[in-house]
Amino acid sequence: MACEGVVATPKNGTSNAASGSSTSCALVKRAVYGVGTNLRNPVAYADDESLAHVAGRTVVVYDATKKRQSFLHVPNQVKKIRAMAVHAGSKSIAIAVSNGEDASAVLVYDAESLKKKKTLRRAERKQTPVTTASVTTGSLNSMKPSTDDEMDIDGLAFSADGSSILGYSSSAETLARWNVADGSVAELASQRPNIVAGGSSRRDGNTTESRIVEAQFSSRDEDVVSAICTSGVFKLYRAQGKILKPFVVKTLNELQKDVGRRAVAHVWLDDDDGHVAIGTDANSVIILNGETIVCTVRVGARLPGAMTMKAFGGGFIVAGNGGEIIFVEKVARRDGSSAYEVSK
């Protein structure tokens, strides 16, 4: 929960208690305390000296050198901030927001001026009624109320160069990739509704098991997107025009059928091979290169519960909620190929 400290500043002079007269006041936000711990990645460095974090419906940018808080200019229509992502290289901060009517958008801000520079929305649906204002006005009132296939985005990720943003949802099989410059979007193909008992409809594939809990861009090709679903299945997609199409890869099909091992986290590695490391709940990490499993790294029984992963120059770091951090580094085999081993 976030707690806001607000100071009232008179617009014209001060109040006069003796005469009973008073001037109008403006409430000026001076400090905000708290962090939205119910969000994914609610805290991130905006640059070497500034830290951005979500607190309620406010995004705070704290300058550690000047020891001063600044705030993004979030529109008054925003009722909830559901996700945040930061790209230090392009000095961009993106937030996924809702206007309180189950409609969502992604707002992109300049991390220095704190002003909004782009509003990104998903493609319009034919049966979606329009609320007030035109889409061209940039107002959040122009967002559409959600239908069965328009769920709020609660996860965001930038591409390596900051030119694209990925949005996804854990409440539906929702995945969207935006080009920040022109606002164009590629999404999963709409599922055809099927009539079920009672005359209601549902969309194929939009089940609890297919909801996305984590998604990232490939480190080599920003048209390639990876995702982990609530069922523990790892998936790859490629953006083709306005559609995100799933890869048909034999290795991935085998991973989906893998019994007793669920994907829980993943990270694209910082190398020239295009490797992706997929952490599983069986305390192992699968290194995948296209259609080939490069190797499987055993990290022991030291990582109970949730797993998080981060890439670095020569490999990746794996951590669990047991408190241990494991470093895995790339090594050369005698035949000239590469493998990965636990270094410490």
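Located above this text is the structure these notes cover.
Novice: Explain the overall build of the protein to me, and be specific about the residues and the numbers.
Specialist: From N to C terminus, the protein includes one helix and 28 strands. The buried share of the protein, reckoned over its 344 residues, is 42%. Residue pairs in contact within the protein that sit at least 24 positions apart in sequence constitute 40% of those at least 6 positions apart. By element, 49% of the accessible surface of the protein is carried by carbon and sulfur atoms, the whole surface being about 17900 Å².

Novice: Which residues make up the pattern of salt bridges, and what are the values?
Specialist: Following the criterion strictly, the structure yields six salt bridges and no others. For the salt bridge of Lys91 with Glu112, the shortest nitrogen-to-oxygen distance reads 3.6 Å. Linking Lys91 in the loop between strand E7 (80-87) and strand E8 (92-98) with Glu112 in the loop between strand E9 (104-110) and strand E10 (116-120), this pair joins segments that are 21 residues apart in sequence. Taking the relative accessible area as the measure of exposure, Glu112 reaches 57% and is therefore exposed. A salt bridge links Arg238 to Asp221, with the nearest nitrogen and oxygen atoms 3.1 Å apart. Highlighted residues: Arg238 in strand E19 (residues 234-240) and Asp221 in the loop between strand E17 (212-217) and strand E18 (224-229), separated in sequence by 17 residues. Connected through shared salt-bridge partners, Arg177, Glu222 and Asp223 make up one network.

Novice: Tell me about the packing of aromatic side chains, and name the residues and values.
Specialist: Inspection of the entire model under this criterion finds two aromatic pairs. An angle of 45 degrees between the planes, with centres 6.2 Å apart, marks the rings of Phe316 and Tyr340 as tilted. Of the two residues, Phe316 is situated in strand E26 (residues 315-320) and Tyr340 in strand E28 (residues 338-342); the sequence distance between them amounts to 24 residues. Each of the two residues, Phe316 as well as Tyr340, counts as buried. Directly above the ring of Phe327 sits Lys344, whose terminal nitrogen or CZ lies 5.0 Å from the centroid.

Novice: How would you explain the environment of Thr174 if you had to name every residue and give the values?
Specialist: With respect to the helices and strands, the residue Thr174 is situated in strand E13 (residues 174-179). The spacing of Thr174 and Glu187 is 13 residues in sequence and 7.8 Å in space, taken between C-alpha atoms.

Novice: Can you tell me about the sheet that holds strand E3 (residues 43-45), naming the residues and giving the values?
Specialist: Taken in spatial order, the four strands of this open sheet run E3-E4-E5-E6, and their pairing is antiparallel. At either margin of the open sheet sits one strand with a lone partner, and together these are E3 and strand E6 (68-71). Direction aside, the axes of adjacent strands within the sheet are offset by 25 degrees on average. As paired elements, strand E4 (residues 50-55) and strand E5 (residues 58-63) share six bridges and run antiparallel to each other. When the bridges of E5 are listed, Leu51 appears paired with Tyr62.

Novice: Hey, could you go over the sheet that holds E10 for me, with residue numbers and the actual values?
Specialist: In spatial order, the strands read E7-E8-E9-E10; together these four strands make up an open sheet with antiparallel pairing. Edge positions in the sheet fall to E7 and E10, since each has one partner strand and no second. Averaged over all adjacent pairs, the angle separating strand axes in this sheet is 20 degrees, with direction ignored.

Novice: Any details on the pairing of E5? Residues and values, ideally.
Specialist: Of all the six residues making up E5, five are buried; the element is thus mostly covered by neighbouring parts of the structure. Taking the residues that link successive antiparallel strands as the turn, the E4-E5 hairpin has two residues, and the phi of Gly56 there is positive, at about 65 degrees. Relative to E6, E5 runs antiparallel, the two being bridged by four bridges. Pairing of Val60 across the sheet is with Phe71, part of E6.

Criteria and cut-off values
- Residues numbered from 1 in each chain as written.
- Predicted model: local features only at pLDDT ≥ 70, side-chain atom pairs only at ≥ 80, totals over all residues.
- Heavy atoms only, no water.
- Helix = DSSP H or I, 4+ residues; strand = E, 2+ residues; numbered from the N terminus.
- Buried < 20%, exposed > 50% of the residue type's maximum accessible area, 1.4 Å probe, protein only.
- Contact = heavy atoms within 4.5 Å.
- Areas by Shrake-Rupley, 256 points an atom, 1.4 Å probe, with all protein chains shown as cover.
- Salt bridge = Lys/Arg side-chain N within 4 Å of Asp/Glu carboxyl O.
- Phe/Tyr/Trp six-rings, centres within 6.5 Å; stacked < 30°, edge-to-face > 60°.
- Lys NZ or Arg CZ within 6 Å of the ring centre and 35° of its normal.
- Pairing = 2+ DSSP bridges.
- Axes fitted to C-alpha atoms, helices over the stretch in contact; angles between N-to-C directions.

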